[in-house]
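If you want the building blocks of each chain, they are given just below.
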Amino acid sequence: MTTRHLRQPTLDCAEPRVLAEFFRQLLGWVYADGHEETEPAGDDFLLLIDPDRPVRLGFQRSDATVAPWRVGARVHLDLDVDDLDVGHEDAIRLGARPLTGTPEEEGHADDPFRVYADPSGHPFCLCLADQ
């Protein structure tokens, strides 16, 4: 058997540059070498990297529809933040849409996370770091 390692999650989306830019700003990551400039023929695949850790996130052009949240099986991203309120404001300013209220509004004041949809509709969570 050969060794296998997770390379990266890749989000399918209609506009890879738009979604990559949303996550680049939200996470403070950078484009991988060669992915910084828009391709004249269109960006079919883009890659972001965390400048501080060996973590990557891909974005691939697809016409597939993103299923509504809580319908069907899916994978979502959990992103650590130091402050849920600041993370919420940043996510909204960049184009995310809340899918839940605050933990208090949801009746789970001890839950250290909130759920959002990115600009393409993929769900993701902002999670209080170290919880």
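Note that the coordinates shown come from a computational prediction; the quantities given were computed from them, not determined experimentally.

A.B. asks: An account of the overall build of the protein is needed here, citing residue identities and associated values.
C.D. replies: Scanning the protein for helices and strands turns up two helices and eight strands. Order of helices (α) and strands (β) in the protein, N terminus to C terminus: β-α-β-β-β-β-α-β-β-β. Expected size for 131 residues packed as a compact globule is a radius of gyration near 14 Å; at 16 Å, the protein falls within 12% of this value. Taken over the C-alpha atoms alone, the protein extends approximately 45 × 35 × 30 Å along its principal axes. Looking at the protein as a whole, 37% of its 131 residues are labelled buried.

A.B. asks: Quick rundown of the sheet that holds strand β8 (residues 123-128)? Include the residues and the values.
C.D. replies: Spatial strand order, β5-β8-β7-β6: four strands in an open sheet with mixed pairing. Where the open sheet ends on each side, the last strands, each with one partner, are β5 (77-81) and β6 (97-98). Sitting on the sheet, helix α1 (residues 16-27) is in contact with β5 and β8, with an inclination near 30° to β5. Each of β5, β6, β7 (113-117) and β8 is contacted by helix α2 (residues 84-94), which is oriented at about 150° to β8, the strand it contacts most.

A.B. asks: Pulling in residues and values, what's your account of the state of the cysteines?
C.D. replies: By the definition in use, this model includes zero disulfides. Cys125 forms no disulfide, and the closest cysteine sulfur to it belongs to Cys127, at a distance of 5.2 Å.

A.B. asks: I'd like a description of the environment of Phe124, backed by residues and values.
C.D. replies: Of note, Phe124 is situated in strand β8. Accessibility expressed as a relative area gives 1% for Phe124, which makes it buried. Considered as a pair, Phe124 and Trp29 are 95 residues apart in the sequence and their alpha carbons are 17 Å apart. Setting aside anything within four residues of it in sequence, one finds Phe124 in contact with Phe22, Phe23, Leu26, Leu77, Leu79, Ala91, Ala96, Arg114, Val115, Tyr116, Ala117 and Asp118.

A.B. asks: An account of the environment of Asp85 is requested, with residue identities and associated values reported.
C.D. replies: As for its placement among the helices and strands, Asp85 is situated in helix α2. We classify Asp85 as exposed; its relative accessible area is 57%. In sequence terms Asp85 and Leu126 are 41 residues apart; their C-alpha atoms lie 9.9 Å from each other.

A.B. asks: Quick one: what's the story with α1, residue by residue and with numbers?
C.D. replies: Taking 1.5 Å of rise per residue, twelve residues should cover 16 Å, and α1 covers 16 Å from first to last C-alpha, within 8% of that figure. Among the residues making up α1, those that are buried are Pro16, Arg17, Leu19, Ala20, Phe22, Phe23 and Leu26.

The rules behind these values
- Residues numbered from 1 in each chain as written.
- Predicted model: local features only at pLDDT ≥ 70, side-chain atom pairs only at ≥ 80, totals over all residues.
- Heavy atoms only, no water.
- Helix = DSSP H or I, 4+ residues; strand = E, 2+ residues; numbered from the N terminus.
- Rg over C-alpha atoms; globule rule 2.2 N^0.38 Å.
- Buried < 20%, exposed > 50% of the residue type's maximum accessible area, 1.4 Å probe, protein only.
- Pairing = 2+ DSSP bridges.
- Contact = heavy atoms within 4.5 Å.
- Axes fitted to C-alpha atoms, helices over the stretch in contact; angles between N-to-C directions.
- Disulfide = S-S within 2.5 Å.
- Expected span 1.5 Å × (residues − 1).

From the geometry alone we can't say anything about function, so treat these as descriptive.
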